[in-house]
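Here is what each chain is made of, one letter per residue.
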Amino acid sequence: MRTSISAVSSVLAVMALVSGCGSSHADNEKPKAMWIDIEANFELLSSRENIDAELKKIKEHGMNMIYLDVKAANGYAMYKSDILPYCDTFGSKTVTRDYDDYLGYFLEKSDEMGIDVVASVAATGFGIHEGELSQGLIFDKPEQWGDKCQVRSDNNDSTLTVSAVDDMQQVVVMLSPASPEVQTLLVDICAEIVTRYPKLKGICLDYLRYCNNDGGWYGLGDIDLDGYASYWNDEKPDRLDIVDSKGGRGPKFARWIEYRSATVKNLLKQVRDKVKSIRPECELHLWASGDWISRYSVGQNWASTKYKPEPAPEYTDTYSSTGFADLLDVFVNGAYTEEVWIKDDFTRRWSVENMVASCNDYLLNDCRSYGSIPSYAFDAKQNADATYLCLEHTDGYMTFELSHVNRLDLWDSASEGISRAENQSK
């Protein structure tokens, strides 16, 4: 880390006093957003001309907001940072840009066009595996961050562990949210962004969780086992009391699940407190899968603390205390499924319609929700229907993401879904 955020806060904080996080569109108009992924659009958006052209398409097709990746999963910055290296290379792609500041130029042009910008931050992602290539802050400074990576049980022998650094199944290499150094790093990054870019509508956290548990359960390193002991005021657990030697659930599994969810909530609260202390009007968003039932597996209890799940082996009696909906301004509900309508899904669960219609059963009005959809999974009719359902059942809409909408030519279908929802609401 080159310079602490404290070194720049005093110089730049005055900016926050003169410019809040405002909205570029009418107060009664629902946000309709395009997510712009760093990696997928890395080369396309290396020129001002192309950025201008893409923003023009976004505006012309009825959208009024973008989610812009500004802190990459490799731990590099797409903005002017004193904390992180600037990202000119992502994986095997290297670009030369005709502007100095990716986020700065997007904000300048978006402001001209009446488009709000929410900056997306890959919260615990600080490295990537791309085939044989490993890249990112973790690999640049292994002595500083290597022992703070998330650790899982070996899927063949739970007495053994594997670090995310060595797990080639993990595209994104994630640091442990229990590490105090990681917590400080993320809080400083978010503080730097909202301080330096006063025209931002908000910050959206992505990857604020534990790694997916395919091939073993993550959160079994010493940092987290010590954290478990502190959280429960108990002795440090044996890993096999959490995940047994055959990969099954040990006697401390449910308490470990609660600990991980509480750890994620604690980090979210630290980010919120810092962001709101700098710019109270700046919104805090978080993207997560809309399938709440599966989120215990990665430590994301995005429900209200008032929501009480049905008794199950993975939940303690106090699991509800880890809900974090009230810490958010907006929950971005990832309705990422290939089925659109409930009638198309025999389970009645994995459909866009179900995920967006049932979201508030968990949030209980603690925050707003925006339905978000995977454009890459749909044809034109499905895309229009899914867009409509997001706007019909939630407070806004986001489509993931620009490169897929371009590749599949889904612009007109997105417009059709937007128009259908807006005409029906009149």
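Below, the structure is looked at part by part. (Residues numbered from 1 in each chain as written. Predicted model: local features only at pLDDT ≥ 70, side-chain atom pairs only at ≥ 80, totals over all residues. Heavy atoms only, no water.)

A look at the packing of aromatic side chains
In step 1: Taken as a whole and judged by the stated rule, the model has 24 aromatic pairs.
In step 2: Pairing Tyr296 with Tyr315 gives two aromatic rings, centres 6.2 Å apart and planes at 80 degrees, and the pair type is edge-to-face. Of this pair, Tyr296 sits in the loop between strand E12 (283-289) and strand E13 (330-334) while Tyr315 sits in the loop between E12 and E13, placing them 19 residues apart in sequence. As far as the burial class goes, Tyr296 and Tyr315 line up, both buried.
In step 3: Grouping aromatic residues by their ring pairs yields a cluster made of Trp217, Phe253, Trp256, Trp292, Tyr296, Trp302, Tyr307, Tyr315, Tyr319, Phe331 and Tyr362. (Phe/Tyr/Trp six-rings, centres within 6.5 Å; stacked < 30°, edge-to-face > 60°. Helix = DSSP H or I, 4+ residues; strand = E, 2+ residues; numbered from the N terminus. Buried < 20%, exposed > 50% of the residue type's maximum accessible area, 1.4 Å probe, protein only.)

Let's talk about helix H9 (residues 352-363)
In step 1: The first and last C-alpha atoms of H9 sit 17 Å apart over 12 residues, in line with the 16 Å expected at 1.5 Å per residue.
In step 2: Summarising burial for H9: 9 of the 12 residues are buried, a large majority.
In step 3: For H9, the complete set of buried residues consists of Val352, Glu353, Asn354, Met355, Val356, Ser358, Cys359, Tyr362 and Leu363.
In step 4: Looking at the buried residues of H9, the elements they touch are E13, strand E14 (368-374) and helix H10 (380-393).
In step 5: Remark: Leu364 follows H9 within two positions and exhibits a positive phi of approximately 50 degrees. (Expected span 1.5 Å × (residues − 1). Contact = heavy atoms within 4.5 Å.)

Quick word on the sheet that holds strand E1 (residues 32-36)
In step 1: Strand order in the closed barrel made by the 8 strands is E1-E2-E5-E11-E12-E13-E14-E15, with parallel pairing throughout. Across the sheet, the mean angle separating the axes of adjacent strands is 25 degrees when strand polarity is ignored.
In step 2: With 4 bridges joining them, strand E11 (residues 202-206) and E12 adopt parallel strand pairing. Residue Ile203 lies in a different strand from E12, and its bridge partner there is Leu284.
In step 3: Contacts between helix H8 (residues 253-278) and the sheet are confined to E11 and E12, with E12 contributing the most and set at about 155 degrees to the helix.
In step 4: Running at roughly 170 degrees to E14, H10 makes contact with E1, E14 and strand E15 (397-400) of the sheet. (Pairing = 2+ DSSP bridges. Axes fitted to C-alpha atoms, helices over the stretch in contact; angles between N-to-C directions.)

Some words on the packing of H9 against H10
In step 1: Closest axis-to-axis distance for the H9/H10 pair is 9 Å, and the angle between their directions is 10 degrees. In this view, H9 runs roughly parallel relative to H10, as classed from their interaxial angle. For the pair formed by H9 and H10, the contact residues are Val352, Glu353, Val356 and Ala357 on the first element and Ala386, Leu389, Cys390 and His393 on the second.
In step 2: Taken together, the residues of the contact of H9 with H10 break down into 6 nonpolar, 1 polar and 1 charged. (Parallel < 35°, antiparallel > 145°, perpendicular 65-115°, else oblique. Nonpolar A, V, L, I, M, F, W, Y, C, P; charged D, E, K, R; others polar.)

Here's the deal with the side chain of Arg152
In step 1: Positionally, Arg152 belongs in strand E8 (residues 151-153).
In step 2: Judged by its relative accessible area of 5%, Arg152 is buried.
In step 3: Engagement of the side chain of Arg152 in a polar contact is seen with the side chain of Asp167, the distance being 2.8 Å.
In step 4: Leave out the neighbours within four places in its chain, and Arg152 touches Leu160, Thr161, Val162, Asp167, Gln169, Gly215, Gly216, Trp217 and Tyr218. (Polar contact = N/O pair within 3.5 Å; in protein donor to acceptor, adjacent residues only side chain to side chain.)

Some remarks on the environment of Gly91
In step 1: Locating Gly91 in the fold gives a position in the loop between strand E3 (89-90) and strand E4 (93-94).
In step 2: The buried category is assigned to Gly91, whose relative accessible area is 6%.
In step 3: Gly91 sits 52 residues away from Glu39 along the chain, and the two C-alpha atoms are 8.1 Å apart.
In step 4: With residues near it in sequence (within four places) discarded, Gly91 still touches Ile128, Glu130, Leu133 and Gln135.

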